[in-house]
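Results of the structural survey
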Amino acid sequence: MATQQRPFHLVVFGASGFTGQFVTEEVAREQVSPERTSHLPWAVAGRSREKLLRVLERAAMKLGRPTLSSEVGIIICDITNPASLDEMAKQATVVLNCVGPYRFYGEPVIKACIENGTSCIDISGEPQFLELMYWKYHEKAAEKGVYIIGSSGFDSIPADLGVIYTRNKMNGTLTAVESFLTIRSGPEGLCIHDGTWKSAVYGFGDKSNLKKLRNESDMKPVPIVGPKLKRRWPISYCRELNSYSIPFLGADVSVVKRTQRYLHENLEQSPVQYAAYVTVGGITSVIKLMFAGLFFLFFVRFGIGRQLLIKIDASSFTMTFFGQGFSQDISPVKNKPNIRICTQVKGPEAGYVATPIAMVQAAVTLLNDVSDLPKAGGVFTPGAAFSRTKLIDRLNERGIEFSVISSTEV
């Protein structure tokens, strides 16, 4: 990737937006990180110079770095002005796009980045947008040798890299994984983070378009290795976690499936089946949740209801993965899985702490682990782009921790 002739390695676009402020702080931390061996020139971009300066001043105060504003470039750029997006892209090696919802504002940034030979990372949790961008731009991005990587925040780095981590830690062939997300916070103990709500709220009304897109793509199914993973009931009990669970509404399943397809078709790896759930606690929580579900269905139909739903927030997460598979000497054909493994990814508040960490470390990985990325550019999931890089190590160092809980041969 072209770093030499560009003034900035990283540009945070939408830095004065809600998530953008936290990403800006995280890049500022990364810039002075003790592990950093090289200079990291970077900039913030957005519509208002005053707002961008205010964000830098707040970050400077928070991090105790009074000179921060003078160390960071400022680019004036508007999503509705394609020429300004081109100007921004020309100055960056990697753009961190924080301007969402991406289904409304994401495509012009991707287009400008590809045309100007710039890589781009976003934190979209919207399967329809992510899959559409793949169909429209994968070949163009590959021709230009740039990397367009969506869902690089809480949606869906913990899930996507969690499955890859589980596969790497299993002494055999991993064939199926169920993940259970537990979020601890809020007066009721159950909250779902902003990006996940957004993808659920906007995605809910767009299911038919996503189905249509997938039908038109006409891809041949990925083979199922080992017994088929059965779907759980809409409300089911997880004995290991002593909690009821419901299916996870975010982008994780879509992203993990796309990663597994890529790893199977391009790296000849055995594909892993995947299902995602959220734990909701005991039976009283289940009853509350049924009412919340009716509330969700009602509110999602109205604009003001969407705004209310999108204001929900949270404070730390654990994602537990239960995997099964086969030891080297046992064939997955007609046999029962004989290995079980349990791993976890734990992290801080999902939306505004874990998401900026994941996004910034994905960008740093893009800059530093060039030889371990897919050979040509393209539009990738995080797992497809980063499966052979040091991203998991970087996340571990910054508080998003991957660990093996148990592994047993049955």
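In case you missed it, the structure is sitting above this.
One structure accompanies this document, and this report is about it. Only a predicted model underlies this, so the values are computations on that prediction, with no experimental measurement involved.

Here's the deal with the sheet that holds strand E1 (residues 8–13)
With parallel pairing, seven strands are arranged side by side in an open sheet as E3-E2-E1-E4-E5-E6-E13. Both outer strands of the open sheet, strand E3 (73–76) and strand E13 (378–380), are each paired with one neighbouring strand and no more. Ignoring strand direction, the axes of neighbouring strands in this sheet form an average angle of 20 degrees. Pairing of strand E5 (residues 119–122) with strand E6 (residues 147–149), which is carried by two bridges, proceeds in the parallel orientation. From the neighbouring strand, isoleucine 121 faces E6, where its bridge partner is isoleucine 149.

A short note on the side chain of serine 245
With respect to the helices and strands, the residue serine 245 is situated in strand E9 (residues 243–247). Filtering out sequence-adjacent residues up to four positions away, serine 245 remains in contact with Phe180, Pro234, Ile235, Ser236, Tyr277, Val278, Thr279 and Val280.

Examining the sheet that holds strand E11 (residues 316–326)
Taken in spatial order, the seven strands of this open sheet run E8-E9-E10-E7-E11-E12-E14, and their pairing is mixed. Two strands close off the open sheet at either side, each with one partner strand: strand E8 (236–238) and strand E14 (401–409). Within this sheet the neighbouring strands show an average axis-to-axis angle of 30 degrees, counted without direction. Of the pairings in the sheet, the one linking E11 to strand E12 (residues 339–348) comprises ten bridges and is antiparallel in character. Bridging across to E12, glutamine 324 finds its partner in arginine 340. Running at roughly 155 degrees to strand E10 (residues 273–281), helix H10 (residues 252–267) makes contact with E10 and E11 of the sheet. Together, E11 and E12 form the strand contacts of helix H13 (residues 350–368), whose direction differs from that of E12 by roughly 105 degrees.

Here we look at the packing of aromatic side chains
All told, the structure shown has 13 aromatic pairs when counted by the stated rule. Here phenylalanine 18 and tyrosine 352 contribute two aromatic rings whose centre-to-centre distance is 4.9 Å and whose plane-to-plane angle is 85 degrees, an arrangement assigned as edge-to-face. Of the two residues, phenylalanine 18 is situated in helix H1 (residues 18–31) and tyrosine 352 in helix H13; the sequence distance between them amounts to 334 residues. Using a relative accessible area of 52% as the deciding quantity, one classes phenylalanine 18 as exposed. For tyrosine 352, a relative accessible area of 13% puts it in the buried group. A ring pair is formed by tyrosine 262 and phenylalanine 380, whose centres lie 5.7 Å apart and whose planes are at 85 degrees; its orientation type is edge-to-face. Taken together, the residues span a long stretch of sequence, with tyrosine 262 in helix H10 and phenylalanine 380 in strand E13 at a distance of 118 residues. As far as burial versus exposure is concerned, tyrosine 262 and phenylalanine 380 are alike and both buried. What links up through ring pairs into an aromatic cluster is the set Phe18, Phe22 and Tyr352. We note arginine 232 situated over the ring of tyrosine 277; from NZ or CZ to the ring centre the distance is 5.7 Å.

Some points on the pairing of E1
Of all the six residues making up E1, six are buried; the element is thus mostly covered by neighbouring parts of the structure. In terms of strand pairing, E1 meets strand E2 (residues 42–46) through four bridges, oriented parallel. Residue pairing in the sheet places leucine 10 in a bridge with tryptophan 42 of E2. Between E1 and its parallel partner E2, the chain crosses via H1, and the hand of that crossover is right-handed.

What counts, and at which threshold
- Residues numbered from 1 in each chain as written.
- Predicted model: local features only at pLDDT ≥ 70, side-chain atom pairs only at ≥ 80, totals over all residues.
- Heavy atoms only, no water.
- Pairing = 2+ DSSP bridges.
- Helix = DSSP H or I, 4+ residues; strand = E, 2+ residues; numbered from the N terminus.
- Axes fitted to C-alpha atoms, helices over the stretch in contact; angles between N-to-C directions.
- Contact = heavy atoms within 4.5 Å.
- Phe/Tyr/Trp six-rings, centres within 6.5 Å; stacked < 30°, edge-to-face > 60°.
- Buried < 20%, exposed > 50% of the residue type's maximum accessible area, 1.4 Å probe, protein only.
- Lys NZ or Arg CZ within 6 Å of the ring centre and 35° of its normal.
- Right-handed = clockwise from strand over helix to strand, strands pointing away.

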